[in-house]
Amino acid sequence: MSDVLMRVFRGDAEGGDFVDYVVDSAEGDVVLDVIHRIQAAQANDLAVRWNCKAGRCGSCSAEVNGRPALMCMTRMNTFEPGSAITVAPIKTFPLIKDLVTDVSFNYEVAKRIPAFNPRPPDADGRYRIQQMDIDRGQEFRKCIECFLCQDVCHVIRDHPENKPDFVGPRFFVRLAELEMHPLDTADRTELMRYDAGIAYCNITKCCTEVCPEDIHITDNAIIPLKERVADQFYDPVRWVLSRFRGR
Amino acid sequence: MPEYETHEYDVVVVGAGGAGLRAAIEASAEGARTALVCKSLLGKAHTVMAEGGIAAALGNIYAEDNWQVHFRDTMRGGKMMNNWRMAQLHAQEAPERVYELERWGALFDRTEDGRISQRPFGGHRFDRLAHVGDRTGLEMIRTLQQHAVHKGIDVFMECTISRLLKDGDRIAGALGYWREKGELVLFKAKAVVLATGGIGKAFKVNSNSWEYTGDGHSLAYWAGADLIDMEFVQFHPTGMVWPPSVMGILVTEGVRGDGGTLRNSQGDRFMFNYIPEFFKAETADTEAEADAWFGDKVNNRRTPDLLPRDEVARAINSEIKAGRGSPHGGVFLDIATRQPPEYIRRRLPGMYHQFKRLADVDITTEPMEIGPTMHYMMGGVRVDPETGAATVPGLFAAGECAGGLHGANRLGGNSLSDLLVFGQRAGKGAADYAKGLAATPAVDQSQADVCANEMLGHFERAGGENPYDVQRDLQETMHSLVGIIRTGTELEQALQRIAGLKERAAGAGVEGNRQYNPGWHLAMDLRSMLTVSEAITKAARERTESRGGHTRDDYPSTSDELSKVNIVVRQGPDGTPQVTREPLPEIPGELRKIVEETPASV
């Protein structure tokens, strides 16, 4: 055990500041262990979300030394010994208290994404799908909804006023998952173009960099969706044809 | 006088893991106005951590598999303590629940011919677990969550239920609080479905999330319902042991299903020395047969590495005690020498990642160090198999907080299927009950006031006992005195300690205010943790034999007399737990034959 200096944000919507805690840290510790140790011995009311402590639930997102990360997967031995470690709440969502933010935006957006709509099954009532046809979709379904991609996305991090018009990387992943689902029949391109605001994304790949599940959000989800929108709305051949067909 | 935000529903479902979500979907589909209330954000419940898969006799890998074989495996794995009717319904309905998830968007791993793939697991005779790599729970909870979102179910996230309210003998609603602001919420409801999961946070080394404080068990108990099988606590054989910060985190049984083997410090595959008489006929006794079984399950017997969890956990415990453990107090789990790196990374990506990131171990080249971790509660609310109804009218329970299906020991993979099968049944049961009720039961607010005053009382004791200290001492007590191996003397000591801890918990003080205050939340959760701890300990004292997830050093064998009874715990008139022995429902002859016959091909 050795002492570390943790600089943890304490406060609520009214305001707040970083508070210093000196706390024991043991071999193998992650940031969440140290936060829990502060909570148990020095500040029982320190608010923090967590569930699994194994990188599977996506609850303990925070900004550690300014970098968005899961506290349960951030090892203490990755920091310079002797230096203070800052832990702040994710910035893109309104603060509730300490390290807990109001992420209800994401749950509201989820309701606006049209549901999965499968084709009818085979004659025996079952579906046959080849593994190679689901590999792409399975990548997106690894998402643990930690919302770190939402947190770093400039479109809403620096411009909260865009939130009504832009669903954020998490939901492009969700849309890609539905669009590339081998059984799904719904067409969501119009939604992607208008309500979801896919054009706002200027593919800086910040979301991909922070994804703890290593989902290639920009390359595998957003860019293919942008291409689908472009094909449907901006393809000159389609445009001419649509003139003739009157729609 | 406390103030309440008030809501009225036909059905209130408490808990939003697999069972709660499935119950809410069903209740809502039946036309009931339904609320789903959960302690965490939606999609974060402990189901998300399930790794291996959903057990269902789809017969996609072995056409020989069917509900009868699944039923047999479940009953034998549970050492015949299971409620036979639950085990039958579970085995019969699990396949349809899996196909239903697929229709709702789940993408399971596939076989060569495009059907749902199935993997082998402990205690299952055939490859039976529908899965998605080693993140099946995430797939399941996300599918259910996304399906539920479009069904008009009202979700109360980060809202904890503290007490059930009654009108005479019936359920009339529930009292809870918003974690965010600390305000009190009163639900008026015709029916309540408990789907709160387990109790792991009462133990020091466990694989469970913070939510697992035995809320559903306690809410039911306080409302007068029966708890059964509380002595049966599952220690999963393979939890991480090093570094200390990850101690207890689960290592999926899928590692052994995919060929991984347990070894002691001498490199021996020690499980061959621990095959119990009960499983001798169906377990391989040579390494050659065990290894051949992975490729041909019809003509070879199962590797002892995949005996039911209670057997493997006890064996590991014995090896460690005999001085043949690994450097950090576990044993070795080796897949590196058994499968190529590419295979391991594809089949077990979560495990690969977890060990690499948290323990600096590359499981494709090095063995893992593992040891038993408290994982699952077999015992729970006694329910009617058909409807999930508890013994209190208007109260229903499903999933881990309900008892009966798994008997003395649960097989891996049978939990996710349990959540789906009995979540659906309890949701329907609750909706039907609500429809049949002529009038909405009346809520007597004074019942809520008593509890609310108790909850808020913690703020008047600033400087009182630190709730985190009480929890740590409780965890230590349960770990050392009511753990994997028990004795009568230690159980008595545990009861004395629990009595002391109850007093300390009642005097727990809270600093700060009601807004998102984890110290306050824990002070309230302690009540339920202590209630279940006492129930477990008293039931364990009553069962003077060893069976499944209950091992008594002072009574090492099974008892014929006790094989015929459940231990039932209910609150007596004086408010203390009363423990009785009550006969197990008798299994019909036809089903008994299925269980007792040794299949020709094993």
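These figures come from a predicted structure and were not determined experimentally. (Residues numbered from 1 in each chain as written. Chains lettered and ligands numbered in written order. Predicted model: local features only at pLDDT ≥ 70, side-chain atom pairs only at ≥ 80, totals over all residues.)

Caption draft 1: How the structure looks around the overall build of chain B. When its secondary structure is counted, chain B shows 16 helices and 18 strands. The C-alpha radius of gyration of chain B comes to 23 Å, within 12% of the 25 Å expected for a compact globule of 602 residues. For chain B, the spread of C-alpha atoms along the principal axes amounts to about 70 × 50 × 50 Å. In chain B, which comprises 602 residues, the share counted as buried stands at 64%. Considering only contacts in chain B between residues 6 or more positions apart, those separated by 24 or more positions represent 74%. (Helix = DSSP H or I, 4+ residues; strand = E, 2+ residues; numbered from the N terminus. Rg over C-alpha atoms; globule rule 2.2 N^0.38 Å. Buried ≥ 20, exposed ≤ 12 C-beta atoms within 10 Å, placed from the backbone. Contact = placed C-beta atoms within 7 Å.)

Caption draft 2: Summary view of the overall build of chain A. Each helix and strand in chain A was counted, giving 10 helices and seven strands. Oriented by its inertia axes, the alpha-carbon framework of chain A measures out at about 75 × 45 × 30 Å. Every one of the 247 residues in chain A was classed for burial, and the buried ones make up 45%. Counted over contacts in chain A with a minimum sequence separation of 6, partners at least 24 positions apart contribute 63%.

Caption draft 3: Expanded view of the sheet that holds strand 4 (residues 118–119) of chain B. All names here are of chain B. Spatially, three strands are ordered 3-5-4 in an open sheet, and the strand pairing comes out antiparallel. This sheet does not close on itself; its edge strands, each paired only once, are strand 3 (54–55) and strand 4. Judged from the two bridges that link them, strand 3 and strand 5 (residues 129–130) form a sheet pairing that is antiparallel. Its bridge partner being in strand 5, I54 is matched across the sheet by A130. (Pairing = 2+ DSSP bridges.)

Caption draft 4: Quick peek at the interface of chain B and chain A. Taken together, the contact pairs 48 residues of chain B with 45 residues of chain A. Elements with a contribution of two residues or more to the side of chain B that touches chain A: helix 3 (84–103), helix 4 (136–149), helix 10 (349–359), helix 13 (467–481) and helix 15 (518–542) of chain B. Here the residues of the side of chain B that touches chain A sort into 20 nonpolar, 14 polar and 14 charged. (Nonpolar A, V, L, I, M, F, W, Y, C, P; charged D, E, K, R; others polar.)

Caption draft 5: Region of interest: the packing of helix 3 of chain B against helix 11 (residues 414–435) of chain B. Residue and element names in this part refer to chain B. It is the contact of helix 3 with helix 11, at a shortest axis distance of 9 Å, that shows an interaxial angle of 95°. Comparing the axis directions of helix 3 and helix 11 gives the class roughly perpendicular. Of helix 11, the residues touching helix 3 (which contributes L89, H90, E93, A94 and R97) are S417, D418, L420, V421 and Q424. Looking at the contact of helix 3 with helix 11 residue by residue, the classes come out as four nonpolar, three polar and three charged. (Axes fitted to C-alpha atoms, helices over the stretch in contact; angles between N-to-C directions. Parallel < 35°, antiparallel > 145°, perpendicular 65-115°, else oblique.)

Caption draft 6: Spatial organisation of helix 4 of chain B. The end-to-end C-alpha distance of helix 4 of chain B, which contains 14 residues, comes to 20 Å, matching closely the 20 Å that a straight helix rising 1.5 Å per residue would cover. Counting buried residues in helix 4 of chain B gives 13 out of 14 residues, a clear majority hidden from the surface. (Expected span 1.5 Å × (residues − 1).)

Caption draft 7: Examining unusual backbone geometry more closely. All names here are of chain B. Omega for the bond connecting W242 with P243 falls within 30 degrees of zero, at -5°, which places this linkage in the cis form. Mapped onto the elements, P243 comes out in the loop between strand 11 (233–240) and helix 6 (254–257). Unusually for a residue other than glycine, Y516 sits at a positive phi of about 20°. Within the secondary structure layout, Y516 lies in the loop between helix 14 (488–506) and helix 15. Overall, the presence of 25 C-beta atoms within 10 Å leaves Y516 in the buried class.

Caption draft 8: Geometry of the packing of helix 5 (residues 215–222) of chain B against helix 15 of chain B. All names here are of chain B. Look at helix 5 against helix 15: their axes get within 8 Å of each other, and the N-to-C directions meet at 80°. Judged by the inter-axis angle, helix 5 sits roughly perpendicular to helix 15. Mapping the contact onto sequence places D215, H217, S218 and Y221 in helix 5 and R527, S528, T531, V532 and A535 in helix 15. Partitioned by chemical class, the residues of the contact of helix 5 with helix 15 number three nonpolar, four polar and two charged.

Caption draft 9: Focus on the sheet that holds strand 12 (residues 261–263) of chain B. Residues and elements named next belong to chain B. Here four strands make up an open sheet; going across it, the order is 11-14-13-12 and the pairing antiparallel. Only two strands of the sheet have a single partner each, and these edge strands are strand 11 and strand 12. Shown here is a sheet whose adjacent strand axes are inclined to one another by a mean of 45°, direction ignored. Bridge count for strand 11 against strand 14 (residues 368–377) is six bridges, and the pairing is antiparallel. Directly across from H236, in strand 14, lies its bridge partner T373.

Caption draft 10: Local environment of helix 11 of chain B. For helix 11 of chain B, built from 22 residues, the straight-helix expectation of 32 Å at 1.5 Å per residue is met to within 8% by its first-to-last C-alpha distance of 31 Å. Of all 22 residues that make up helix 11 of chain B, 20 are buried, and the element is covered over most of its length.

Caption draft 11: How the structure looks around the nonpolar core. Residues and elements named next belong to chain B. Within the largest apolar cluster, 257 residues are counted, with the highest numbers of intra-cluster contacts made by V11, V13, V192, V193 and F396. No other element matches helix 15, which puts 12 residues into this core. Beyond its immediate chain neighbours, meaning those up to four positions away, V13 contacts G20, A23, A24, A27, T34, A35, L36, V37, V193 and A195. (Core = buried A, V, L, I, M, F, W, Y, C linked by C-beta atoms within 7 Å.)

Caption draft 12: Main features of the pairing of strand 17 (residues 565–571) of chain B. Residues and elements named next belong to chain B. The pairing of strand 10 (residues 227–228) with strand 17 spans two bridges and is antiparallel. By the bridge assignment for strand 17, I228 is matched with V568. Sheet analysis places strand 17 next to strand 18 (residues 577–583), joined by seven bridges and oriented antiparallel. When the sheet's bridge partners are listed, V569 is paired in strand 18 with V579. Connecting strand 17 to the next strand, strand 18, in antiparallel fashion are five residues, including G575 with a positive phi near 85°.

Caption draft 13: Region of interest: the environment of A87 of chain B. Residues and elements named next belong to chain B. Topologically, A87 is positioned in helix 3. With 446 residues separating them along the chain, A87 and S533 place their C-alpha atoms 26 Å apart. Not counting the four nearest positions on each side in its chain, A87 is found in contact with F71, T74, M75, N82 and L405.

Caption draft 14: The arrangement of the pairing of strand 8 (residues 170–178) of chain B in detail. All names here are of chain B. Burial within strand 8 is extensive, with seven of its nine residues counted as buried. Here eight bridges tie strand 7 (residues 159–167) to strand 8, and the two strands are oriented antiparallel to one another. Looking across to strand 8, one finds that L165 is bridged to G173. In textbook terms, the turn of a hairpin is the stretch between consecutive antiparallel strands, and for strand 7 and strand 8 this stretch comprises two residues, one of which, G168, has a positive phi near 65°. As paired strands, strand 8 and strand 9 (residues 184–194) are joined by five bridges and run antiparallel to one another. Within strand 9, the residue paired with Y177 across the bridge is L184. Between strand 8 and strand 9, which follow one another and run antiparallel, lie five residues, and G182 among them has a positive phi close to 80°.

Caption draft 15: A look at the environment of G55 of chain A. Locating G55 of chain A in the fold gives a position in the loop between helix 1 (31–41) and strand 3 (61–64). Given 22 C-beta atoms within 10 Å, G55 of chain A falls into the buried group. Measuring from C-alpha to C-alpha, the distance between G55 of chain A and T74 of chain A comes to 9.8 Å, with 19 residues separating the pair along the chain. Once you skip the residues sitting within four places of it in the chain, G55 of chain A turns out to touch L70, C72, M73 and P212 of chain A together with Q354 of chain B.

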